[in-house]
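Examination of the molecular architecture
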Amino acid sequence: MDSNLLSNEQFIARLRHVGEEHYHDKHPYHIAMHEGKLSPVQLRAWIANRFYYQKNIPVKDAIILSKLPSREDRREWIQRIIDHDGRESNAGGIEAWIRLGEAAGIPRDEMLDERHVLPAVRFAVDAYVNFCRLEPWHIAVASSLTELFAPTLVSKRIGVFEQLYPWIRPEGLAYFQARLTQAPRDADHGLSIVLRECRDRGDQEQAIGALRFKCDVLWALLDALSLSFPVGDYGR
């Protein structure tokens with residue numbers, strides 16, 4: 001056994017520290033959103049650009065699914081794809097995000113044709129999908145562990161949208177409400193895989209780096225929005 005191997009408690013603490021330092025809730029654009037300081041144009045830009053990330057989540061999950069060697073893990077992981085792509089009886093998260101856009105005044109066709117997606121957003125999201133395609137499967141799983149930090153943020157976001165952006169129709173918040181139960185389940189499964197499969201210190205450090213990379217991807221999305229829709233520039 002690697003004498004430098006972190007204990008599970010130490011490893012989890014290191015992973016959580018990445019979120020404490022680098023999760024996108026600390027980005028100025030995101031802070032402004034949660035303080036009610038974004039104009040309708042700026043908030044619509046966030047919704048439309050974030051949609052490019054949302055629609056690629058099941059793509060990266062399908063890539064990871066194809067690599068998972070365990071039938072048991074595949075049975076659990078496939079639920080992520082179903083959650084976003086939906087089934088006949090459940091429209092799924094991608095449809096829910098389109099409806100968020102509609103509730104905020106973005107026509108469906110403008111969400112689907114990606115006319116509002118910034119080049120840097122497209123580049124960052126595509127880099128994340130390629131990361132999951134090229135890296136070892138357990139490291140790709142580690143990059144998904146931003147779900148450890150999502151439930152608290154999503155819960156807060158629901159209240160923020162209801163109170164500070166009342167012009168968004170309430171039915172648009174269904175995506176966030178669903179993630180309150182989906183994200184903790186996904187985080188528990190992903191973390192169990194990472195703890196089980198990272199068997200030496202090198203694997204652990206690579207997993208921590210993968211999570212940092214994912215945080216950088218989410219941060220880059222907000223950097224792109226900040227450049228095109230500067231916070232405080234309500235005339236745009």
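Here the structure is shown first, and the text comes after it.
Described below are features of the structure shown in this document. Note that the coordinates shown come from a computational prediction; the quantities given were computed from them, not determined experimentally. (Residues numbered from 1 in each chain as written. Predicted model: local features only at pLDDT ≥ 70, side-chain atom pairs only at ≥ 80, totals over all residues. Heavy atoms only, no water.)

**Describing the overall build of the protein chain**
As a reminder of what qualifies: Where helices and strands are cited, they refer to DSSP runs of H or I of at least four residues and of E of at least two residues respectively, numbered from the N terminus. Relative accessibility thresholds used throughout: buried, under 20% of the residue-type maximum; exposed, over 50%; partly exposed, between the two (1.4 Å probe, protein chains only). The contact rule is simple, with two residues in contact once any of their heavy atoms fall within 4.5 Å.
Tallying secondary structure elements over the protein chain gives 11 helices and zero strands in all. Along the protein chain, from the amino end to the carboxyl end, the secondary structure elements read α-α-α-α-α-α-α-α-α-α-α. Projected onto the principal axes, the alpha-carbon positions of the protein chain cover approximately 60 × 40 × 30 Å. Within the protein chain, the fraction of its 236 residues that count as buried is 52%. Once local pairs closer than 6 in sequence are excluded, the contacts in the protein chain between residues at least 24 apart make up 80%.

**Some points on the packing of helix 3 (residues 40–67) against helix 11 (residues 201–228)**
Under the convention used in this document: With axes taken as lines fitted to C-alpha atoms, and helix axes fitted only over the stretch in contact, angles between N-to-C directions fall between 0 and 180 degrees. By definition, any crossing whose near helix is turned counterclockwise from its far helix by less than a right angle is left-handed, and any crossing with a clockwise turn is right-handed. In the scheme used here, Gly and all other residues not listed as nonpolar or charged are polar, with Ala, Val, Leu, Ile, Met, Phe, Trp, Tyr, Cys and Pro taken as nonpolar and Asp, Glu, Lys and Arg as charged.
Viewed as axis vectors pointing N to C, helix 3 and helix 11 meet at an angle of 145°, and their least axial separation amounts to 10 Å. Crossing hand, helix 3 versus helix 11: right-handed. Each of Ala-45, Trp-46, Asn-49, Arg-50 and Tyr-53 in helix 3 lies in contact with helix 11, whose residues at this interface are Lys-214, Leu-218, Leu-221, Leu-222 and Leu-225. Across the contact of helix 3 with helix 11, the residue classes break down as seven nonpolar, one polar and two charged.

**Considerations on the pattern of salt bridges**
Two side chains carrying opposite charge are able to pair once their charged atoms lie near each other. The condition is simple: By convention in these notes, a salt bridge is any Lys or Arg side-chain nitrogen within 4 Å of a carboxyl oxygen on Asp or Glu.
Using the criterion set out here, one finds 22 salt bridges in the structure. Across the salt bridge formed by Arg-14 and Glu-205, the nearest N and O atoms sit 3.0 Å from each other. Highlighted residues: Arg-14 in helix 1 (residues 8–22) and Glu-205 in helix 11, separated in sequence by 191 residues. One salt-bridge network, in which partners are shared between bridges, spans Asp-73, Arg-196, Glu-197 and Arg-199.

**With respect to the layout of surface pockets**
Basically, it comes down to this: Here a cavity means grid points, on a 1 Å grid over the protein atoms only, where a 1.4 Å probe fits yet cannot get out; a pocket means an open set of points with protein on both sides within 12 Å along at least five of seven lines; lining residues are those with an atom within 4 Å of a point. Grid points are joined across faces, edges and corners, and a volume is the space filled by probe spheres set on the points.
Considering only enclosed or pocket space, the largest pocket measures out at about 170 Å³ in volume. If you trace the largest pocket, you find 14 residues lining it, with Asn-90, Gly-92, Gly-93, Ala-96 and Ala-178 closest to the centre. Residue composition of the lining of the largest pocket, grouped by class: five nonpolar, four polar and five charged.

**Let's talk about the packing of aromatic side chains**
To keep it simple, the criterion reads: Only the six-membered ring of Trp is used, alongside the rings of Phe and Tyr, when aromatic pairs are assigned; centres must lie within 6.5 Å, and planes under 30 degrees apart are stacked while those over 60 apart are edge-to-face, with the rest tilted. A positively charged side chain is recorded as over a ring if its NZ (Lys) or CZ (Arg) lies within 6 Å of the ring centre. The angle to the ring normal must also be within 35 degrees.
The full count for this structure, using the stated rule, is 10 aromatic pairs. Through a chain of ring-to-ring contacts, three or more aromatic side chains come together here, namely Trp-46, Trp-97, Phe-161, Tyr-165, Trp-167, Tyr-175 and Phe-176. Across from the ring centre of Trp-77, 3.6 Å away, lies the NZ or CZ of Arg-80, which sits over that ring. The ring of Tyr-52 carries Arg-122 above its face, with NZ or CZ at 4.9 Å from the centroid.

**Some words on empty space enclosed by the protein**
A probe matching the size of a water molecule, rolled over the atoms, marks out where space remains unfilled. The full count for this structure, using the stated rule, is two cavities of 30 Å³ or more. Roughly 300 Å³ of internal volume is contained in the largest cavity. Along its surface, the largest cavity is lined by 24 residues, and Arg-50, Tyr-53, Ala-150, Tyr-175 and Arg-179 are the ones closest to its centre. Listed by contribution, the elements that provide at least two residues to the lining of the largest cavity are helix 3, helix 4 (71–85), helix 9 (150–164), helix 10 (174–197) and helix 11. Counting residues per element, the lining of the largest cavity draws most heavily on helix 3, which supplies six residues. When the residues that make up the lining of the largest cavity are grouped by side-chain class, the tally is 10 nonpolar, five polar and nine charged. Counted as a void, the second largest cavity has a volume near 50 Å³. Lining the second largest cavity are His-24, Trp-46, Asn-49, Arg-50, Leu-218, Leu-221, Leu-222 and Leu-225. Every element with two or more residues in the lining of the second largest cavity is listed here: helix 3 and helix 11.

**Quick notes on helix 5 (residues 92–103)**
For the record, the criterion: For a helix, the expected span equals 1.5 Å multiplied by the residue count minus one.
Helix length check: helix 5 (12 residues) gives 16 Å between terminal C-alpha atoms against 16 Å at 1.5 Å per residue, within 8%. Of all 12 residues in helix 5, 10 are buried; the element is thus mostly enclosed. Listed as buried for helix 5 are Gly-92, Gly-93, Ile-94, Glu-95, Ala-96, Trp-97, Ile-98, Leu-100, Gly-101 and Ala-103. In the segment just after helix 5, Gly-105 is the residue with positive phi, at about 100°.

**A short note on helix 11**
One full turn of an α-helix is made of 3.6 residues, so residues set three or four places apart face in the same direction. Quick reminder of the rule: Side-chain atoms alone can form a polar contact between residues adjacent in sequence; in general such a contact is a pair of N or O atoms within 3.5 Å, and within protein one must be able to donate a hydrogen while the other accepts it.
With 28 residues, helix 11 extends 41 Å between its outermost C-alpha atoms, agreeing within 8% with the 40 Å of an ideal straight helix rising 1.5 Å per residue. Sitting at the head of helix 11, Asp-200 places a side-chain oxygen 3.0 Å from the backbone nitrogen of Gly-202.

**Focus: the side chain of His-189**
Inspection of the secondary structure assignment puts His-189 in helix 10. For His-189, the side chain forms a polar contact with the side chain of Asp-73, separated by 3.1 Å. When neighbours within four sequence positions are excluded, His-189 is seen to be in contact with Asp-73, Glu-76 and Trp-77.

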